[in-house]
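The lines below spell out each chain.
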Amino acid sequence: DVYKRQAAMREILFQEGRPMIITITLNAALDRTQRIEHPLQVGKLNRAVSSHLEPGGKGINVSRAIKALGGSSIALGFSAGTNGRIMKDMLTAADIHHDFVDIAGQLRVNTQIIDAQRLLDRMENYLDEGNIFVLSGSTPPEFPLKNYRKLCKTIKKHGCKLIIDAQGELLQEALGCEPDFVKPNIFELAEAVGDKPSADPEVVVHSARKMLDMGAKAVCVSMGQEGALLTAKDELESLYVTTNPKIYDEGAVGTGDAMVGAIANAMHAGMKFDEVARYAVAMGRACARLAGTEMASLKKVYEVYETTQVYVL
């Protein structure tokens, strides 16, 4: 029975006392990717030649990326209705451990958050010092900003590491809790620090260091086909990482989530800062070659890893 196997695996992880990676998806979904042979014609019948359904939401994508890289995580968050059951079944079939709080409503449709305390109660099972939490994406309707702040503070208070991939007010709230890693893109970064968006590494590093001053311990700025820039409070040098040749996006959706998964997996493995940087870029660029939110295999990631170039800023 797959559910019993999931429960048994969680029990093994607890008993061994190893640090775990826990992803939190407050606004989960089901993602459908449809491919058409001809350019989209508005107002006319467009026949799909293929259709693919996957469990979605940024935190879930992070768990999928970690799984693709040979690691393991436990996905937490809210699940609702028939869509929620489908999502959990798909995660179970993919051997991704999960422990969702079931609520009334329907996944991504009319989801009502009655009591955020239920998620905090569920988190109590995972708040062991050294565990890595990944808090990604948006919040559902009626989820107060103060509850997001409480999630971040609770994680940090227990000595766990916190990785944030959010924007706007959520990102601002998280920065006040001193997250261990933040992964904005160039637009989210510019909005957060009050600068103009730029793909120039010399400009991006200046904005990223502002984010360090705002509370982040480390920042990875994803820059699309240009790669990424990483900087950290305890590192003397900032790093700009790109690939040669550049890889252009076939499926840009989910590449940022893939990078977050790589960062979490690399931190869990105790990699050095420059290795984390190359690993994150390699994962993002490898996934950019794939359609939809498909996650690249470890073999494909290492093929790209060998082409990464690191520049010190």
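Thresholds, definitions, all that
- Residues numbered from 1 in each chain as written.
- Predicted model: local features only at pLDDT ≥ 70, side-chain atom pairs only at ≥ 80, totals over all residues.
- Heavy atoms only, no water.
- 1 Å grid on protein atoms, 1.4 Å probe; cavity = no way out; pocket = protein on both sides within 12 Å on 5 of 7 lines; lining within 4 Å.
- Points joined across faces, edges and corners; volume = space filled by probe spheres on them.
- Nonpolar A, V, L, I, M, F, W, Y, C, P; charged D, E, K, R; others polar.
- Buried < 20%, exposed > 50% of the residue type's maximum accessible area, 1.4 Å probe, protein only.
- Helix = DSSP H or I, 4+ residues; strand = E, 2+ residues; numbered from the N terminus.
- Pairing = 2+ DSSP bridges.
- Axes fitted to C-alpha atoms, helices over the stretch in contact; angles between N-to-C directions.
- Parallel < 35°, antiparallel > 145°, perpendicular 65-115°, else oblique.
- Left-handed = near helix turned anticlockwise from the far one by under 90°.
- Contact = heavy atoms within 4.5 Å.
- Core = buried A, V, L, I, M, F, W, Y, C linked by side-chain atoms within 4.5 Å.
- Salt bridge = Lys/Arg side-chain N within 4 Å of Asp/Glu carboxyl O.
- pLDDT = per-residue confidence, 0-100.
- Patch = residues over 30% accessible without salt bridge, like charges linked within 9 Å, V, L, I, M, F, W, Y side chains within 5 Å.
- Areas by Shrake-Rupley, 256 points an atom, 1.4 Å probe, with all protein chains shown as cover.
- Lys, Arg positive; Asp, Glu negative; His and termini not counted.
- Charge placed at Lys NZ, Arg CZ, Asp CG, Glu CD.
- Right-handed = clockwise from strand over helix to strand, strands pointing away.

1. Quick notes on the layout of surface pockets
- In this model, the largest pocket occupies a volume close to 350 Å³.
- Every residue lining the largest pocket is counted, 18 residues in all, and those nearest its centre are K161, D180, F181, D234 and M267.
- Residues belonging to the lining of the largest pocket are distributed by class as follows: nine nonpolar, two polar and seven charged.

2. A few points about the pairing of strand β4 (residues 74–80)
- Among the seven residues that make up β4, seven are buried, leaving the element largely enclosed by the rest of the structure.
- Relative to β4, strand β1 (residues 21–25) runs parallel, the two being bridged by four bridges. Bridging from a neighbouring strand, I22 pairs with I74 of β4.
- When β4 meets strand β5 (residues 97–98), the two strands line up parallel, connected through two bridges. Each bridged residue has a counterpart across the sheet, and for I74 the counterpart in β5 is H97.
- Taken together, the three bridges between β4 and strand β6 (residues 101–103) define a ladder with parallel strand orientation.

3. With respect to the packing of helix α2 (residues 58–68) against helix α9 (residues 255–268)
- Viewed as axis vectors pointing N to C, α2 and α9 meet at an angle of 55°, and their least axial separation amounts to 8 Å. Looking at the two axes, α2 sits oblique to α9. Judged by the twist between their axes, the crossing of α2 over α9 is right-handed. Residues K58, N61, V62, A65 and I66 of α2 touch α9, and the partners they reach there are D257, A258, V260, G261, A264 and N265.
- Looking at the contact of α2 with α9, its residues break down into six nonpolar, three polar and two charged.

4. Let's talk about the nonpolar core
- Counting residues in each nonpolar core, the largest one holds 48 residues, and the members touching the most others are I24, L26, M123, F133, Y148, I164 and M211.
- In terms of residue count, the dominant contributor to this core is helix α8 (residues 201–213) (five residues).
- Setting aside anything within four residues of it in sequence, one finds I24 in contact with G59, L76, L119, M123, F133, V134, L135, S136 and I155.
- Counting 40 residues, the second-largest nonpolar core is a separate cluster that includes V62, A218, L230 and M283.

5. Details of the pattern of salt bridges
- The final tally for this structure, using the stated rule, is ten salt bridges.
- The partner of D102 in a salt bridge is K88, and the shortest N-O contact between them spans 2.6 Å. Taken together, the positions of D102 in strand β6 and K88 in helix α3 (residues 81–93) put the pair 14 residues apart, joining distant regions of the chain.
- D102 gets classed as partly exposed once you look at its relative accessible area, which sits at 40%.

6. Some details on the confidence of the model for the protein
- The pLDDT averaged across the protein works out to 87; a share of 83% of its residues lies at or above 70.
- Residue range residues 109–114 is modelled with pLDDT below 50. Its contacts to residues more than four positions away, or to other chains, number 13 contacts.

7. A word on the environment of V221
- Along the chain, the position of V221 falls in strand β10 (residues 218–222).
- Spatially, the C-alpha atoms of V221 and V204 are 7.9 Å apart, while their sequence positions differ by 17 residues.

8. Digging into a negative patch on the surface
- A surface patch of like charges, here negative, comprises D234, E235, E237, D274 and E275.
- Relative to the helices and strands, E235 resides in the loop between β11 (228–232) and β12 (239–243).
- Overall, E235 belongs to the partly exposed group, its relative accessible area being 34%.

9. With respect to the pairing of strand β7 (residues 132–136)
- With respect to burial, β7 is a largely interior element, five of its five residues being buried.
- The two faces of β7 match: I132, V134 and S136 on one face and F133 and L135 on the other face are all buried.
- Strand direction decides the pairing type here: β1 and β7, joined by five bridges, are parallel. Bridge pairing in β7 places I24 opposite L135.
- Of the strand pairs in this sheet, β7 and strand β8 (residues 161–165) are connected by five bridges, and their pairing is parallel. Residue F133 lies in a different strand from β8, and its bridge partner there is L162.
- In this fold, the crossover linking β7 to β8 by way of helix α5 (residues 145–157) has right-handed handedness.

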